[in-house]
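A closer look at the structure
What follows is each chain in one-letter form.
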Amino acid sequence: MRPGEKRFGIGRVVAFAVLALMAIGWLMPFLWAIATAFKTEADAASDRTWIGSEGPTTDAFGAMLSNGNVWIWAFNSLWTSLVITLLTVAISALAAYAFSRMRFTGRRWLFAVIVAAIIIPPQVLIIPLFYEMLAFNMVDTPWGLMLPQIVAPAMVFILKQFFDGVPLELEDAARVDGAGRLRVFWSIVLPLSRPVMAAVAIFVFIGAWNNFLWPFLVINDTNLMTLPTGLQTVIDAHGIQYAQTMAQAVLAATPLIVVFLFFQRQIVKGIATTGFGGR
Amino acid sequence: MTATVDTPITRATTRTKPATAPAGRNREQLVSWAFLAPFLIAFVLFLVWPLAHGLYLSFTNQSLTGAGGSWVGFDNYREALTDSTMWRALGTTVLFTVVSTIPLVLIALVMALLVHRGLPGQWLWRLAFFMPFLLASTVISQIWVWIFNPDIGAANAVLGKIGIGPIAWLQDPDVNLYAIVIATVWWTVGFNFLLYLAALQNIPDQHYEAAALDGAGPWRQLWSITLPQLVPATVLIVMLQILASLKLFDQAYQMLIGLSTDTTRPIVQYIFESGFVGYRFGYSAAISYVFFALIIIVGVFQMTAMNRRRSLS
């Protein structure tokens, strides 16, 4: 509510109506997918109503969950995404802190190189990266899947922007008391950076959880696949089974939706505190 | 690339204290490099080295199987530049970028402006618009393959009610790129929406209070305060969106599997197909670099535009 706005103006009513229509439009495909997940395959392939002619059923969920691979893929997705997120945030934050607070030879040009690297699309690197993974014997291993994903120059840039805004006095006081750089970083800067770290971590996690191209190239072993590539093999093998596919869609999305619901305020705040959109 | 790197450097912190003694200075150097080392090692191993090696490969006839690998000079590039499939893939990618960026920015702006008005149900609006972004490309592809199914899909069911259709969304080569655009807008607009929402929160309330005192109504405030304040964010969002749209692959590949891909093959898919289906790593690397050149041109163009704007203001 902005100052100068009436609480029940006609504008608010119109805005609410437009917003509600858009929200319905945006939720509809997902709701339709959920409805289909509760149909029989026969209904899903032919029936256009919300509830199929044979009534709602959890058959599709049952069929999907009895496929042991789905559990393995979900587990793989979870732990690889967590490791990628942890490593990315850790190495990016340390580097960003050095760029923000320390003075060392070559700082400017090194930071310039990293910022310039933001523009490099990972898709351009798939051939040489695959080659490198062959040389390291990392094709078809979790490390081959994870390591190339931990380099995120954009995150270094975002975190440095944030650290630049943290008051220097807090750190100086601690340093006078004899705390080392790492100690200052760990016990003063990191706690102050929680919102921006949460925002960065969540975007890295979503990216890793949903990444398709790289896992698709580097992993062939069914037991090492993540959900996106694993589900694709099922679709390729059996053709599309709409009810089961939608059940998988709903299940694969649920953990991220829960995480987002918990952290959504922090995420927006985190983006805002990076000075996004400021001059 | 100097244009790209100018801005952050000039803003680099100058608040760091000057080193007092040479001994302290050496120690500071050592500590700095210790902080940087983990990132730099990964940066060199998984970004700088592949970038350089890819450039080398693009001048060889390397195959996936390890055969070949001899220097062929500019042959791959000569072939790429006369390869009509490559040009069509590049054209498809550029068309997709233009057609998708406009709604992805405008719809996100409208969403954010409406949500920021503080209407009841904040969490629900945010969730509704952002949720699709949380879905994997495999998942959204299957949802939209089903919606776009010409016989049983929801899209034709809705259009049928108002007397249009039926449209063969994914099968018709004149339409399927736009079908991909629709699915992509639904899938990713939430990210831009969050960025706009964050930018709106950064506009100080005093601006509105002052305007209200001057008797400016809501529309006047929108035109004179909100939209001008959003210009820097918009420039950044458009830039990020163009770079993201140029990388089109996942959803197009998965939604059009087995369908006529010749007119709707994005450049990233052609890179993948030349390397991993045609086994021609050298040629694939060369196309990667043609694509990269396009990205650099776009990037430099955007940076110059941004810098000009900044020097004007």
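Residues numbered from 1 in each chain as written. Chains lettered and ligands numbered in written order. Predicted model: local features only at pLDDT ≥ 70, side-chain atom pairs only at ≥ 80, totals over all residues. Heavy atoms only, no water.

Counted only if it meets this: UniProt positions are given in the numbering used here, feature names are shortened, and annotations may be inferred rather than shown by experiment.
Naming follows an unreviewed UniProt entry, where chain B appears as ABC-type sugar transport system permease subunit of Nocardioides panzhihuensis. The record held by UniProt for chain B lists under Sequence similarities (unreviewed entry) the comment "Belongs to the binding-protein-dependent transport system permease family." Turning to chain B, the UniProt annotation filed under Subcellular location (unreviewed entry) states: "Cell membrane".

Per an unreviewed UniProt entry, chain A goes by Multiple sugar transport system permease protein and derives from Nocardioides panzhihuensis. UniProt, in the comment section headed Subcellular location (unreviewed entry), describes chain A in these words: "Cell membrane". Regarding chain A, the UniProt comment filed under Sequence similarities (unreviewed entry) reads as follows: "Belongs to the binding-protein-dependent transport system permease family."

Quick word on the overall build of chain B
Note the cut-off: Every helix listed is a DSSP run of H or I at least four residues long, and every strand listed is a run of E at least two residues long, numbered separately from the N terminus. This radius of gyration counts C-alpha atoms alone. The globule rule is 2.2 Å times how many residues there are, raised to the power 0.38. Whether a residue is buried, partly exposed or exposed follows from its accessible area with a 1.4 Å probe, protein chains only, as a fraction of its type maximum: under 20%, in between, or over 50%, in that order. The contact criterion used throughout is that any non-hydrogen atoms of two residues lie within 4.5 Å. Only the protein chains shown count as cover for residues, and all accessible areas are computed by the Shrake-Rupley method using a 1.4 Å probe. We count Lys and Arg on the positive side and Asp and Glu on the negative side, and we leave His and both chain ends out. Note that the charge is assigned to NZ on lysines, CZ on arginines, CG on aspartates and CD on glutamates.
Regarding its fold elements, chain B presents 14 helices and 0 strands. Start at the N end of chain B and walk to the C end: the helices and strands fall as α-α-α-α-α-α-α-α-α-α-α-α-α-α. Taking 2.2 N^0.38 as the reference for a compact globule, 313 residues should give roughly 20 Å; the C-alpha atoms of chain B span a radius of gyration of 24 Å, well beyond that estimate. Along the first, second and third principal axes, the C-alpha atoms of chain B reach 80 × 75 × 35 Å. Within chain B, the proportion of its 313 residues that are buried is 54%. Considering only intrachain contacts with a sequence separation of at least 6, the fraction spanning at least 24 residues in chain B is 66%. Accessible surface, chain B as shown: approximately 13700 Å² in total, 68% of it carbon and sulfur. Across chain B, 17 positive and 14 negative side-chain charges occur, with their mean positions spaced 12 Å apart.

A closer look at the confidence of the model for chain B
Residues and elements named next belong to chain B. Our working rule: The quantity known as pLDDT measures the predictor's confidence residue by residue, on a range of 0 to 100.
Averaged over every residue, the pLDDT of chain B is 85; the share at 70 or more is 91%. The spread of mean pLDDT over the elements of chain B runs between helix H1 (residues 2-11), the lowest at 41, and helix H4 (residues 84-116), the highest at 95. Note that residues 1-20 has pLDDT below 50 and, in this model, 37 contacts with residues that lie over four places away or in other chains. With a pTM of 0.87, the predicted complex shows an ipTM of 0.88.

So, the UniProt feature "transmembrane region" (unreviewed entry) in chain B
Residue and element names in this part refer to chain B. Feature annotation in UniProt assigns "transmembrane region" (unreviewed entry) to the following positions: residues 30-52, 94-115, 127-147, 177-199, 230-249 and 281-301. The straight-line gap between the two end C-alpha atoms of residues 94-115 is 31 Å; of that span, 100% is helix and 0% is strand. In residues 230-249, helix accounts for 80% and strand for 0%; the two terminal C-alpha atoms are 30 Å from one another.

Thoughts on the packing of aromatic side chains
Formally: Centres within 6.5 Å make a pair out of two Phe, Tyr or Trp rings, where for Trp the six-membered ring is used; the pair is then stacked when the planes are under 30 degrees apart, edge-to-face when over 60, and tilted otherwise. Throughout this description, the term charge over a ring refers to an Arg CZ or Lys NZ atom that lies within 6 Å of the ring centre and within 35 degrees of the ring normal.
By the definition in use, this model includes 43 aromatic pairs over all chains. Looking at Lys160(A), its charged tip hangs above the ring of Phe111(A), at a distance of 5.0 Å from the centre.

A look at helix H8 (residues 153-164) of chain A
Stated precisely, the cut-off is as follows: Residue count minus one, scaled by 1.5 Å, sets the expected span of a helix.
The terminal C-alpha atoms of H8(A) lie 17 Å apart, and with 12 residues this matches the ideal 16 Å at 1.5 Å per residue to within 8%. All of the buried residues along H8(A) are Pro153(A), Met155(A), Val156(A), Leu159(A), Lys160(A), Phe162(A), Phe163(A) and Asp164(A).

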